[in-house]
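Letter by letter, the chains look like this.
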Amino acid sequence: MSPDAVDEGGRRIPGRAHRVLHTLPDRTLDDYLGRGGGRGYLAAQALEPDEIIDIVLESGIRGRGGAGFPAGRKWRTVAGNARGHGPATVVVNGAEGEPGTFKDRSILRASPYIVIEGALIAARAIGADLIVVALKESFRAEVGRVRDAIEEITEAGYGDTIDWLVFEGPDEYLFGEESALLETIDGRFPFPRIVPTFRRGVDTAHADEGWPPPALVNNVETISNIGRILARGADWFRSMGTADSPGTVVCTVTGHTRRHGVAEFRMGTPLSDVIELIGGGPSEGAIKAVLPGVANPVIPGDAIDVPVSYEGFSAIGSGIGSAGFIVFDETVDMVAVAAGVSRFLTVESCGQCTPCKFDGITLTELLTKLCRSQATKQDLETIRHRAGTVSFGARCYLGTQQEVVLKSLLEHFGHEFEAHVAGRAAPVPPVLIAELTDIRGDLAVLDERHLEKQPDWTFNPRWSNSVPVELLSGVQPPWHARGLHQ
């Protein structure tokens, strides 16, 4: 069993762990191998692909990208669908853009080798001959670290039958959506598609019968656990966490706390402990609410002792998401939070689904008006109604995100919405909800340029009244030549 982390005085810190996020970074491959890295890869070479998948299944590891789907089941599905259709592809999703989250970039900065080893094991398990590491072009530090690490590992003779592509994509939020990610790698814009990635993957030279083999898409944190699972076994992985949520989780804490940061915890650690250990508690007074990104219902302040586990969050009607926790103290007006969430999701909607984009625009306009204490009772009724229609016909989860977050804010903080209608609340600006561009020292840096981004994904002074899927139709993206078509 891995020991708990300790502080500078050698005292045990309950809940803390260092399985995938070490305090000292691996600067070279020799550093990584010296800590026991690479043993999982060697163990996998002595196993049949199905035996590897069996171990991943037995470990119980669930995807750390948001949905928490069992990784082993996903691997088995992709491996089965790939049979008879040529080699599959492993795609490491490092397109981290969930507001409040910085875990994947923290892992890559500390040790890209742990991610690369896991990807090589996954490639053997599903019969892939191509690994794509998908990052945003703006992630310059991570792109450089991954490229250098792949060169080192290749020169050392690991995965000599595997082709690599470090793909640099756009800053759009939907770039991280699984099917939109593959669309982007294929040289198109990040517009989610209907056909799932575990059936049809990226357009490779191995496409059989007119359609490409499936792709296994796992996010950075998920794949970084694989090497040690193969090296130490499923029981070792389950020695931390809970029965339904085994292992550890890398958490980010930002917002109204004394400091911001990223750390790894045993699954099942109370959220209040995570906030205290990373963030040092709220900036002022008590915690009013915690937003687990923009994909799950808000957690009110009286529920923050919830265990950070899939079953724990489910029991209170929320979800872990990417374990990025945005904390709001008693000084924050939750109507301003609602307006910020709505604006972010509305701007980032691609426009393929009309309610997602245009109900979202209506919601953003009315919530901004409500922040100014200029909205009427009818406006508030329209907000409640459109919060229930914004997800109609959605081909991806973005519209549903807006629905679940806004409905939860209305449920828990409806009195604050009503206070603005009645003129009892002072006008407030919407809270900036946006991607983290960095964490410097103890302070998270938000993408403030997002405030200038229009619903058509341009940064023009005015919105064109068009949507991205229309505006960009027939346009070749600048990353087309950098991907599989180069």
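Residues numbered from 1 in each chain as written. Predicted model: local features only at pLDDT ≥ 70, side-chain atom pairs only at ≥ 80, totals over all residues. Heavy atoms only, no water.

(A) Main features of the packing of aromatic side chains. Per the stated rule, a full pass over the model turns up eight aromatic pairs. Relative to phenylalanine 175, the ring of phenylalanine 167 lies with its centre 6.2 Å away and its plane at 55°, an arrangement referred to as tilted. Residues phenylalanine 167 and phenylalanine 175 agree in their burial class; the two are buried. Consider the rings of phenylalanine 191 and tryptophan 457, whose centres lie 5.8 Å apart with planes at 35°: the pair is tilted. In this pair, phenylalanine 191 is assigned in the loop between helix 8 (178-185) and strand 4 (215-219) and tryptophan 457 in the loop between strand 11 (443-446) and helix 18 (468-471), connecting sequence segments 266 residues apart. For the residue pair phenylalanine 191 and tryptophan 457, the accessibility class agrees, reading buried in each case. Through pairs of rings, three or more aromatic residues link up here, namely Phe189, Phe191, Trp457 and Trp479. Above the ring of phenylalanine 265, the side-chain terminus of arginine 16 is found at 5.6 Å from the ring centroid. Against the face of phenylalanine 459 rests arginine 449, its NZ or CZ located 3.6 Å from the ring centre. (Phe/Tyr/Trp six-rings, centres within 6.5 Å; stacked < 30°, edge-to-face > 60°. Buried < 20%, exposed > 50% of the residue type's maximum accessible area, 1.4 Å probe, protein only. Helix = DSSP H or I, 4+ residues; strand = E, 2+ residues; numbered from the N terminus. Lys NZ or Arg CZ within 6 Å of the ring centre and 35° of its normal.)

(B) Seen up close, unusual backbone geometry. In the Ramachandran plot, alanine 323 falls in the positive-phi region, its phi being about 60° despite a non-glycine side chain. Assignment of secondary structure puts alanine 323 in the loop between helix 13 (310-315) and strand 9 (324-329). Residue tryptophan 457 is not a glycine yet carries a positive backbone phi of 75°. What makes tryptophan 457 buried here is its relative accessible area of 9%.

(C) Quick peek at the nonpolar core. Judged by nonpolar contacts, the single largest core of 59 residues is most densely connected at Ile185, Met334, Leu409 and Phe417. The leading source of residues in this core is helix 14 (residues 334-348), at nine residues. When near neighbours in sequence (up to four residues on either side) are disregarded, leucine 409 contacts Val298, Met334, Val337, Ala338, Gly414 and Phe417. Core analysis: the next-biggest nonpolar cluster, separate from the first, contains 56 residues, Val78, Ala123, Phe139 and Ile162 among them. (Core = buried A, V, L, I, M, F, W, Y, C linked by side-chain atoms within 4.5 Å. Contact = heavy atoms within 4.5 Å.)

(D) Structural view of the pairing of strand 3 (residues 163-169). Within strand 3, six of the seven residues are buried, leaving the element largely enclosed by the surrounding structure. As paired strands, strand 2 (residues 128-136) and strand 3 are joined by seven bridges and run parallel to one another. By the bridge assignment for strand 3, valine 133 is matched with valine 166. In this fold, the crossover linking strand 2 to strand 3 by way of helix 7 (residues 140-155) has right-handed handedness. (Pairing = 2+ DSSP bridges. Right-handed = clockwise from strand over helix to strand, strands pointing away.)

(E) Summary view of the sheet that holds strand 3. Overall, parallel pairing links the four strands, which are arranged 3-2-1-4 in an open sheet. The open sheet terminates on both sides in strands that have one partner only, identified here as strand 3 and strand 4. For this sheet, the mean inter-axis angle between neighbouring strands, taken without regard to orientation, is 20°. In terms of strand pairing, strand 1 (residues 88-94) meets strand 2 through seven bridges, oriented parallel. When the bridges of strand 2 are listed, glycine 94 appears paired with leucine 135. With respect to the sheet, helix 6 (residues 112-126) is in contact with strand 1, strand 2, strand 3 and strand 4, its orientation differing from that of strand 1 by roughly 155°. (Axes fitted to C-alpha atoms, helices over the stretch in contact; angles between N-to-C directions.)

(F) Looking closely at the packing of helix 15 (residues 354-371) against helix 17 (residues 398-422). Between helix 15 and helix 17, whose axes approach to 13 Å, the crossing angle comes to 20°. Taken together, helix 15 and helix 17 sit at an angle that is classed as roughly parallel. Crossing angle aside, the handedness with which helix 15 passes helix 17 is left-handed. On helix 17, the residues touching Cys356, Gly360, Leu363, Leu367, Leu370 and Cys371 of helix 15 are Leu398, Gly399, Gln402, Leu406, Phe417, His420 and Val421. Broken down by class, the residue content of the contact of helix 15 with helix 17 amounts to nine nonpolar, four polar and no charged. (Parallel < 35°, antiparallel > 145°, perpendicular 65-115°, else oblique. Left-handed = near helix turned anticlockwise from the far one by under 90°. Nonpolar A, V, L, I, M, F, W, Y, C, P; charged D, E, K, R; others polar.)

(G) Structural detail: the pattern of salt bridges. Applying the stated criterion across every chain, the model contains 27 salt bridges. A salt bridge links aspartate 104 to lysine 103; the nearest nitrogen and oxygen atoms lie 2.9 Å apart. Residue arginine 193 is joined to glutamate 183 by a salt bridge in which the shortest nitrogen-to-oxygen separation is 3.2 Å. Taken together, the residues arginine 193 in the loop between helix 8 and strand 4 and glutamate 183 in helix 8 connect sequence positions 10 residues apart. (Salt bridge = Lys/Arg side-chain N within 4 Å of Asp/Glu carboxyl O.)

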